[in-house]
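The chain contents come next:
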Amino acid sequence: IQTVYSQELSSAPGTVAQVRESASYLMSLAKSKGIVVFIIGHVTKEGNIAGPKVLEHMVDTVLSFEGDSNHQFRLLRALKNRFGATNELGVFEMHSSGLVEVDNPSEIFIQERGEDLVGSVIFSAMEGSRPLLCEVQALTSTSPTAFPRRTSLGFDNNRVHLLVAILSKHLDMDLNKDDIFVNVVGGLKLSEPSADLAVTAALISSYYQSEAHPKTCFAGELGLTGEVRGVSFVEDRVREAQKLGFENFVLPFANRKNLKKYVQSKNPKIHLVFVKNVSELQSVMRNLNDSSKPVKKKKSSSTTFNELDQHL
C-alpha cells in the first residue's frame, strides 16, 4: 500500500494523504463488487505497520503473519477484527510444498519434549478463544559474575524479575546469585499473566533439580503477596490438556467453582489440585511426582521434632 498512489494527489506515495486515498478507493471497490481485498503493508523492525495509523482504522481486519527463521512454524494472528473475535491464532508449518495448516498445534509444540523434565513444565495458554498447550523451560545456575543474568525468550523479562522476588520472599529460595533463563519452546510468545504459575514451577524444578510430573499442567497468576489468582477460560484449558492425555492440573483455588462438574465427577483419570498460595506449590509438585529425584535441600542446623523423637 505504501507504493500505491493516486494521480489526483500531488503528494508522494506513502504519505498520509496517499495511503488514505488509496485505501478508501480499495474499500469502495470491495464493497461495490462484494469481493475481499488484501492490503499488504510494510512493517518496521518492531513489527508495526509502517506509515500512518489511519490505515489500521479504515480497514475491517488487521492480520499479522509472524515467523521465526529458526523454526518452521508460522503464526497468523488477528490483531483487529470488526466483525469477529480478536487475538485468534492460526498455526502453519512450512513444508517443501508450501504452508500447511496445523490442525492440532498443542500436540506439535509439545511432541519433542525430552525425557529429562528438570525445569520443564506444561502451560495451558489461551490464544484468543483457542486453548494451546506449550512447554515452558527454566534454568538456574550459579553465576560467576557479581551481576547475575535474567534472560527470557517468549516471556516478559520484567515479569521474571517479579517472580524471582516472590520466590525469594515466600519460599526462601536464594536466587540472587543465580543466572536465570526462561524459554517458551517453539517460538511462542506468552503475554497473559496466567503463565506465572508455570514459570514458577519450572524455576522450582530447576533450582532443586527435581523433575516435574510429565502429565501435569499448570495455570495461574501470582500476586506480590504470594497469592495465586484465578484465570479465565479455565474449563477450556483443562479440556484441551485432557485431550492430549494430561491427568494432573494445578490451578488457582478461585477457579474451583468454575470446575464443579470435574470436581463432582470423581474421574480417576483427572486430578485437580487447587492452590491458594505459592508456598503450597513445592509440596504439591513433590506429591504429584512419584518418580522424581530427591530434592536437594540445604541442611538446617536446627533439629526437627521427628529427629528428636527418634533420638529419644
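For every chain, the first residue of its written sequence is number 1, and the numbers climb from 1 along that sequence. Confidence filtering applies because this is a predicted model: local features only for residues at pLDDT of at least 70, side-chain atom pairs given and counted only at 80 or more, and all residues used for totals across whole chains, interfaces and linings. The side-chain quantities take in all heavy atoms of the structure and omit both hydrogens and water.

1. Regarding the sheet that holds strand β4 (residues 98-101)
Sheet architecture is open: 4 strands sit in the order β1-β2-β3-β4, paired in antiparallel fashion. At either end of the open sheet lies a strand with only one pairing partner, and these are β1 (61-67) and β4. Across the sheet, the axes of successive neighbouring strands diverge by a mean angle of 30°, strand direction being ignored. Two elements, strand β3 (residues 89-95) and β4, share 4 bridges in a ladder whose sense is antiparallel. By the bridge assignment, H95 is partnered in β4 with G98. Two strands make a pair as long as DSSP finds a minimum of two bridges between them. In DSSP terms, a helix is any run of H or I states spanning at least four residues, a strand is any run of E spanning at least two, and both are numbered starting from the N terminus. A fitted line through C-alpha atoms represents every axis, and for helices the fit uses only the stretch in contact; the resulting angles, taken between N-to-C directions, go from 0 to 180 degrees.

2. Things to note about the nonpolar core
Within this scheme, the nonpolar core is defined by two criteria: the residues are buried Ala, Val, Leu, Ile, Met, Phe, Trp, Tyr or Cys, and they are joined through side-chain atoms within 4.5 Å. Type-normalised accessible area, obtained with a 1.4 Å probe on protein chains alone, sets the label of each residue: buried when under 20%, exposed when over 50%, and partly exposed for intermediate values. If you look at the biggest cluster of nonpolar residues, it comprises 66 residues, and the most contacted ones within it are F123, F155, L190, F218, F249 and L251. Looking at which element gives the most residues to this core, the answer is helix α5 (residues 196-207), with 7 residues. It only takes one pair of heavy atoms within 4.5 Å for two residues to be counted as in contact. Setting aside its immediate chain neighbours within four residues, F218 contacts V121, I122, F123, S124, L197, A198, A201, V250, L281 and M285. Counting 8 residues, the second largest nonpolar core, distinct from the first, contains I1, V19, V54 and L55.

3. Notes on the confidence of the model for the chain
When pLDDT is averaged along the chain, the result is 83, and 89% of the positions lie at 70 or above. Ranking the helices and strands of the chain by mean pLDDT puts strand β10 (residues 221-222) first, with 95, and helix α9 (residues 305-311) last, with 47. The pLDDT score gives, residue by residue, the confidence of the prediction method on a 0 to 100 scale. Below a pLDDT of 50 lies the segment residues 291-306, which in the model reaches 17 contacts outside its immediate sequence neighbourhood of four places, other chains included.

4. Quick notes on a nonpolar patch on the surface
Here the term patch refers to residues with relative accessible area over 30% and no salt bridge, with like charges joined within 9 Å and nonpolar side chains (Val, Leu, Ile, Met, Phe, Trp, Tyr) within 5 Å. Reported accessibility uses the Shrake-Rupley method at a 1.4 Å probe radius. Residues are deemed covered only where the shown protein chains occlude them. Salt bridges are counted wherever a side-chain nitrogen of Lys or Arg sits within 4 Å of a carboxyl oxygen of Asp or Glu. Nonpolar side chains collect at one region of the surface, where V36, F38 and L63 lie side by side and expose about 370 Å² of accessible area between them. Mapped onto the fold, V36 is located in the loop between α1 (16-33) and α2 (54-58).

5. Let's talk about the packing of helix α4 (residues 157-170) against α5
Geometry of a packed helix pair, given as the angle between the helix axes and the separation of the axes. In the contact formed by α4 and α5, the axes pass within 11 Å of each other and the chain directions differ by 60°. Put simply, α4 runs oblique to α5. When the axes of α4 and α5 are compared, the crossing they make is right-handed. Here R159, L163 and L167 of α4 come into contact with α5, specifically with D196, V199, T200, L203 and I204. For this classification, under 35 degrees means roughly parallel, over 145 means roughly antiparallel, 65 to 115 means roughly perpendicular, and everything else is oblique. Here a crossing is called left-handed whenever its near helix is offset anticlockwise from the far helix by less than a right angle, and right-handed whenever the offset is clockwise.

6. Focus: the pattern of salt bridges
A side chain of one charge can pair with a side chain of the opposite charge when the charged atoms of the two come close. In this structure the tally under the stated criterion is 7 salt bridges. A salt bridge links E221 to R159; the shortest N-O distance between them is 3.9 Å. One end of the pair, E221, is in strand β10; the other, R159, is in helix α4, and 62 residues separate them in sequence. The class of R159 is partly exposed, set by a relative accessible area of 22%. Here R239 and E235 are joined by a salt bridge, their closest N and O atoms 3.2 Å apart. Linking R239 with E235, this pair stays in helix α6 (residues 234-243), spanning 4 residues, or about one helical turn. Three or more residues are tied together by salt bridges with common partners; here these are R159, D196 and E221.

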